[in-house]
Amino acid sequence: MDSNLHSPERRLIELRIEHGDLDAMIDRASDQNPLDELLMRRLKKRRLGLRDDIARIERLLTPDLPA
């Protein structure tokens, strides 16, 4: 059971959820006046980092295809 708590599959799900939450936060923040540019940059930078982490884990989980 403990191995499932730290599995790459579980981490991938957590990252996707966090990425979706950040998307929603960015949408809400972009509707505010005045727009907080620093907050937007931080949120977008974090979202890009999550996207990179997601791609890295997906590569680990995807078996290599023979050429």
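Use the structure listed above.
Just so it is clear, the model here is predicted, and its values are computed rather than measured.

### Some points on the environment of D53
Next up, step 1: With respect to the helices, strands and loops of the structure, D53 is situated in helix 3 (residues 37-61).
Next up, step 2: In this structure the C-alpha to C-alpha distance between D53 and L15, which are 38 residues apart in sequence, comes to 7.7 Å.

### Section: helix 3
Next up, step 1: Over its 25 residues, helix 3 extends 36 Å from the first C-alpha to the last, a length consistent with the 36 Å expected when each residue adds 1.5 Å.
Next up, step 2: Every buried residue belonging to helix 3 is among M40, L43, R47, L50, I54 and I57, and all of these are buried.
Next up, step 3: Elements that come into contact with the buried residues of helix 3 comprise helix 2 (8-30).
Next up, step 4: Two or three places before L38, at the opening of helix 3, D36 has a side-chain oxygen 3.3 Å from that residue's backbone nitrogen.

### As for the environment of L43
Next up, step 1: Mapping L43 onto the fold places it in helix 3.
Next up, step 2: Considering only alpha carbons, one finds L43 and T62, 19 residues apart in sequence, at a separation of 28 Å.
Next up, step 3: When neighbours within four sequence positions are excluded, L43 is seen to be in contact with L22, M25, I26 and A29.

### Here's the deal with the pattern of salt bridges
Two side chains carrying opposite charge are able to pair once their charged atoms lie near each other.
Next up, step 1: All told, the structure shown has 6 salt bridges when counted by the stated rule.
Next up, step 2: Between E58 and R16 there is a salt bridge; the shortest N-O distance is 2.4 Å. Of the two residues, E58 is situated in helix 3 and R16 in helix 2; the sequence distance between them amounts to 42 residues.
Next up, step 3: Note that R47 and D23 form a salt bridge whose closest N and O atoms lie 2.8 Å from each other. Of this pair, R47 sits in helix 3 while D23 sits in helix 2; the two residues are 24 residues apart in sequence, bridging distant segments of the chain.
Next up, step 4: Accessibility expressed as a relative area gives 26% for D23, which makes it partly exposed.

How each quantity is defined
Residues numbered from 1 in each chain as written. Predicted model: local features only at pLDDT ≥ 70, side-chain atom pairs only at ≥ 80, totals over all residues. Heavy atoms only, no water. Helix = DSSP H or I, 4+ residues; strand = E, 2+ residues; numbered from the N terminus. Expected span 1.5 Å × (residues − 1). Buried < 20%, exposed > 50% of the residue type's maximum accessible area, 1.4 Å probe, protein only. Contact = heavy atoms within 4.5 Å. Polar contact = N/O pair within 3.5 Å; in protein donor to acceptor, adjacent residues only side chain to side chain. Salt bridge = Lys/Arg side-chain N within 4 Å of Asp/Glu carboxyl O.

So, to be careful, I would describe these as geometric facts and stop short of saying anything about function.
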